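Survey of secondary and tertiary structure
Listed below are the residues making up each chain.
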Amino acid sequence: KRLVAEAYQLQMDQVLGPSWIDQNEYDIDAKASAGATKEQLARMLRSLLAERFHLTQHIEKREMRVYTLVVDKGEPKIRPIDGDKPANAAAGGFHFHGDLRQFADLLAVQLTIPATNDPSTPVRASTSRIPVLDKTGMTGIFDFNVDMRPELGTDMFAGWQRALHDQLGLKIESRKEQVDVMVVDQASKIPSEN
């Protein structure tokens, strides 16, 4: 499921199919030419899935509850960087480097972490994710740090909502929306060899 989501640049909740795609994991050893773009890598992964796993799929629209990442009132407090080199990786806090679609994917996982009432007990992300869609309209590669300070009894949604507003000039809105989902029609559990 993770491979299909990555190949089609969807979040895992946007991939539907037989139950085994949630359970089986595969190691893929592949090399791409130096300088391959993310889009080229995604096309290569789609080809691999079609050739080795005999994947057939279709995309359809489904109404789902989603979070949308949007620009808050006023202007965003982050700007794309020149080039691809991290600008401030050494500064404190949670560091992010990538495009805002990738940041939305990261938020989808982060928002599943429940509130903690006992700081000595680690918390884990739950399995029920809500897709986070990038609706900022902002393009490019971003490099920023977010100072996240977990508070007892406060869930990650409230923490991220505050950090997005205060530090990045962004916010998350909850809504129902027609979303692209990929339906896996057929795939082999055991891939063919080279």
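Preceding this paragraph is the structure being described.
Residues numbered from 1 in each chain as written. Predicted model: local features only at pLDDT ≥ 70, side-chain atom pairs only at ≥ 80, totals over all residues. Heavy atoms only, no water.

**Describing helix α2 (residues 38-52)**
Between its first and last C-alpha, α2 extends 21 Å over 15 residues, near the 21 Å set by a 1.5 Å rise per residue. When we look at burial in α2, the residues that qualify are Ala42, Leu45, Leu48 and Leu49. The buried side chains of α2 occupy one side of the element, clustering within an arc of 120 degrees when seen end-on. In the core, the buried residues of α2 are packed alongside α1 (2-7). (Helix = DSSP H or I, 4+ residues; strand = E, 2+ residues; numbered from the N terminus. Expected span 1.5 Å × (residues − 1). Buried < 20%, exposed > 50% of the residue type's maximum accessible area, 1.4 Å probe, protein only. Arc of directions from axis to C-beta. Contact = heavy atoms within 4.5 Å.)

**What to know about the environment of Gly137**
Tracing the sequence through the fold places Gly137 in the loop between β4 (132-134) and β5 (142-146). The class of Gly137 is exposed, set by a relative accessible area of 70%. For the pair Gly137 and Leu100, spaced 37 residues apart in sequence, the C-alpha to C-alpha distance is 9.1 Å.

**A look at the sheet that holds strand β2 (residues 56-71)**
Pairing is mixed across the open sheet formed by 4 strands, whose spatial order is β1-β6-β2-β4. The open sheet is flanked by β1 (15-16) and β4, the only strands paired with a single partner. On top of the sheet, helix α3 (residues 100-110) reaches β2, β4 and β6 (170-186); it is set at about 165 degrees to β4, its chief contact. The strands touched by helix α4 (residues 156-168) are β2 and β6; relative to β6, the strand with the most contacts, the crossing angle is about 115 degrees. (Pairing = 2+ DSSP bridges. Axes fitted to C-alpha atoms, helices over the stretch in contact; angles between N-to-C directions.)

Take it as geometry only, folks, not as evidence of what the structure does.
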